[in-house]
Amino acid sequence: MLMYEIANDAVNYIDYLINTLNLQISLCNIYQSFSACLHLLHPYNAHENSYCKCIKTNRNALSYCVAYQDKTMAKCQEGEFYGRCWAGVEEFVFPITANNKALGFISVSGYRDEHIDREQLGAIAQKYNLNPDILQAKFGALSTEKPNAAQIRTLVNPLCHMLSLLYLQSSQPSANSDSERIYQEIVNYLFDHYNQDISLTQIAEHCGYSESHVRHLFKQYSHSTIHAYLTLLRIKRAKNLLANTKMSVIDIAYEVGYNDSNYFTTTFKKETGLTPKAYRKENEKQFVYSRLNWM
């Protein structure tokens, strides 16, 4: 089916941008427009840097981040831009559009606003009951080296076009039916707990429906089994950790939900064609922006 071919091309390209080019890519406000492929795009729906993750441990801060995306969407009507969120993280923002309609936006983030000082971070920490020293350390780990906008535009525009085409190829979103809502709940639950030993019974209890209904509904929307999707999420996260950290293979196996590192290695090779160590070595060949020297 062409829709899933486009979706898989899009996520493979996002993985390339994240794991090989070390860009922090997020797909934002995509729930309604891309409900048919939500299970594939959902893993890219949040900023993954440790500073943003720390802030979002507070539910009120998380809610504010989500609400702030609506302001960003409104600004997207004017086109792409470079801006700063309320917590001091700077980002490139690219609207996803089709038929003159805004479908969501792509964020390339993780850059530090150097004008944010310790006092301002302390105020954020106090307001949201966070440890100010930890917050300061995580904020300091954000990058101050911002790539040239022309480079980022050249890299992200193909993704914008793929997602626009994906929208046009997919069934248009329904009026948020009960089935679609349950499907979204299942996807959210799987993404939040993929690194744990979860069962179909737990998923069904969380959603308030029978195991058979949950299994059938997920298969209907995703064309995948729950087990296969959990494997996809675990391997996707493992790729990111292998490419962007120095964590050992054993630690990564436990981090993504495998209690047996040998089984993890076997599964990883089956899914990617490479062992974890070989994948890490392949991704050490990093793209270097300075080689392009674009204006």
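Every residue gets a number counted from 1 within its own chain, in the order that chain's sequence is written. This being a predicted model, a pLDDT of at least 70 is required before a residue's local features are given, and a value of 80 or more before pairs of side-chain atoms are given or counted; all residues contribute to the totals for chains, interfaces and linings. Heavy atoms from the whole structure form the basis of all side-chain values; hydrogens and water molecules are not counted.

Asks: Got a minute to help me understand the sheet that holds strand S4 (residues 101-112) in this structure?
Replies: Pairing between the strands of a sheet comes from backbone hydrogen bonds, and it takes one of two forms, parallel or antiparallel. Here, strands pair whenever DSSP counts at least two bridges between them. The helix count covers DSSP runs of H or I at least four residues long, the strand count covers runs of E at least two residues long, and both are numbered beginning at the N terminus. If you trace the 4 strands from one edge of the open sheet to the other, you get S1-S4-S3-S2, paired in antiparallel fashion. The open sheet has two free edges, formed respectively by strand S1 (24-28) and strand S2 (81-84), since each of these has just one partner strand. Ignoring which end each strand starts from, the neighbouring axes of this sheet average 30° apart. Taken together, the 5 bridges between S1 and S4 define a ladder with antiparallel strand orientation. Counted as the bridge partner of Gln24 is Ser109 from S4. Packing of helix H7 (residues 149-169) onto the sheet brings it into contact with S1, strand S3 (89-98) and S4, and relative to S3 it is tilted by some 35°. Lines fitted to C-alpha atoms define the axes here, with helix axes fitted over just the stretch in contact, and angles between the N-to-C directions of these axes take values from 0 to 180 degrees. By definition in these notes, contact holds between two residues if any of their heavy atoms fall within 4.5 Å.

Asks: Before we go on, may I ask you to explain the side chain of His42 in this structure?
Replies: Tracing the chain through its elements places His42 in the loop between helix H2 (38-41) and helix H3 (50-55). Polar contacts involving the side chain of His42 include one to the side chain of Asn188, which spans 2.7 Å. The contact partners of His42, leaving out residues within four places of it in the chain, are Tyr31, Val187, Asn188, Phe191 and Tyr229. Any pair of nitrogen or oxygen atoms within 3.5 Å is treated as a polar contact; in protein, a donor-acceptor pairing is required on top of that, and neighbouring residues in sequence qualify only through side-chain atoms on both sides.

Asks: Just to check I follow, could you spell out helix H10 (residues 211-222) for this structure?
Replies: Two residues of an α-helix separated by three or four positions point the same way, owing to the 3.6 residues in each turn. The end-to-end C-alpha distance of H10, which contains 12 residues, comes to 16 Å, matching closely the 16 Å that a straight helix rising 1.5 Å per residue would cover. Within the sequence span of H10, burial applies to Val214, Leu217, Phe218, Tyr221 and Ser222. Around the axis of H10, the buried residues are gathered within 105° of arc, so they sit on the same side. Buried-residue contacts for H10 involve helix H1 (2-19), H2, helix H8 (178-193), helix H9 (200-207) and helix H11 (226-244). Every helix has an expected span of 1.5 Å times one less than the residues it contains. The rule is simple: take the accessible area with a 1.4 Å probe, protein chains only, and divide by the maximum for that residue type; under 20% is buried, over 50% is exposed, in between is partly exposed. Relevant arc is that of directions from the helix axis to the C-beta atoms, nothing else.

Asks: Can you walk me through the packing of aromatic side chains in this structure?
Replies: Here the distance between the centres and the angle between the planes together describe a pair of aromatic rings. For this analysis, a ring pair means two rings from Phe, Tyr or Trp (six-membered ring only for Trp) whose centres lie within 6.5 Å, classed as stacked if their planes differ by under 30 degrees, edge-to-face if by over 60, and tilted for the remaining angles. According to the stated counting rule, one finds 16 aromatic pairs in the structure shown. With centroids separated by 6.0 Å and ring planes inclined at 90°, the aromatic side chains of Phe92 and Tyr111 adopt a geometry described as edge-to-face. Of this pair, Phe92 sits in strand S3 while Tyr111 sits in strand S4, and the two are 19 residues apart along the sequence. There is no split in this pair, since Phe92 and Tyr111 are both buried. Among the aromatic residues, those joined into a ring-pair cluster are Tyr258, Tyr263, Phe264, Phe268 and Tyr279.

Asks: Looking at this structure, how should I read unusual backbone geometry?
Replies: Among all residues save glycine, negative phi is the norm, and among peptide bonds the norm is trans. Positioned with a positive phi, Asn29 is a non-glycine residue whose angle comes to about 55°. For Asn29, a relative accessible area of 26% corresponds to the partly exposed category.

Asks: Explain the pattern of salt bridges here, please?
Replies: For side chains bearing opposite charge, pairing can occur when the charged atoms are close. Just to be clear on terms, a salt bridge is a Lys or Arg side-chain nitrogen sitting within 4 Å of an Asp or Glu carboxyl oxygen. Tallied over the full model, the rule gives 8 salt bridges. Taking the shortest distance from any N to any O, the salt bridge between Lys236 and Asp15 comes out at 3.3 Å. Here the residue Lys236 occupies a position in helix H11, and Asp15 occupies one in helix H1, the gap between them amounting to 221 residues. Among the residues examined, Lys236 registers a relative accessible area of 15% and is labelled buried. The partner of Arg153 in a salt bridge is Glu80, and the shortest N-O contact between them spans 2.6 Å.

Asks: What is the right way to read the pairing of S3 from this model?
Replies: It is a general feature of regular strands that their side chains alternate between the two faces of the sheet. When you tally the buried positions in S3, you get 9 out of 10 residues, the bulk of the element. Where S2 lies against S3, 4 bridges are found, and the strand directions are antiparallel. Within S3, the residue paired with Arg84 across the bridge is Glu90. Where S2 hands over to S3, the hairpin turn is made up of 4 residues, of which Gly88 adopts a positive phi near 95°. Pairing analysis gives 9 bridges linking S3 to S4, with the strands arranged antiparallel. Within S4, the residue paired with Phe94 across the bridge is Ile106. From the end of S3 to the start of S4, which pair antiparallel, there are 2 residues, and Asn99 there has a positive phi angle of about 55°.

Asks: Is there a simple way to explain the nonpolar core in this structure?
Replies: Nonpolar side chains in soluble globular proteins generally cluster together in the buried interior. Throughout this description, the term nonpolar core refers to a set of buried Ala, Val, Leu, Ile, Met, Phe, Trp, Tyr and Cys residues connected via side-chain atoms within 4.5 Å. If you look at the biggest cluster of nonpolar residues, it comprises 38 residues, and the most contacted ones within it are Ile106, Leu159 and Leu163. For this core, the secondary-structure elements that each account for two or more residues are H1, S1, H2, S3, S4 and H7. The element contributing the most residues to this core is H1, with 10 residues. If near-sequence neighbours (up to four positions away) are discounted, Leu163 is found in contact with Ala10, Leu27, Phe34, Leu41, Ile96 and Ile106. Residues Tyr189, Val214, Phe218 and Tyr221 belong to the second largest nonpolar core, which totals 21 residues.

Asks: Mind showing me how you'd approach the environment of Asn148 here?
Replies: Looking at the secondary structure, you find Asn148 in the loop between helix H6 (132-140) and H7. Residues Asn148 and Gln69, 79 residues apart in the sequence, show an inter-C-alpha distance of 24 Å.

Asks: Help me understand the packing of H1 against H11, please; the structure alone is not making it clear to me.
Replies: The relative placement of two packed helices comes down to the angle between their axes together with the axis-to-axis distance. For the pair H1 and H11, interaxial distance at closest approach is 10 Å and the crossing angle is 25°. As far as their axial angle goes, H11 and H1 are roughly parallel. The interaxial crossing formed by H1 with H11 has right-handed handedness. On H11, the residues touching Asp15, Ile18 and Asn19 of H1 are Lys236, Lys239, Asn240, Ala243 and Asn244. Basically, the charged four are Asp, Glu, Lys and Arg, the nonpolar ten are Ala, Val, Leu, Ile, Met, Phe, Trp, Tyr, Cys and Pro, and anything else, Gly included, counts as polar. The residue makeup of the contact of H1 with H11, split by class, is 2 nonpolar, 3 polar and 3 charged. Working rule for angles: under 35 degrees goes down as roughly parallel, over 145 as roughly antiparallel, 65 to 115 as roughly perpendicular, anything else as oblique. Each crossing is labelled by how the near helix is turned from the far one, with a counterclockwise turn of less than a right angle marking it left-handed and a clockwise turn marking it right-handed.

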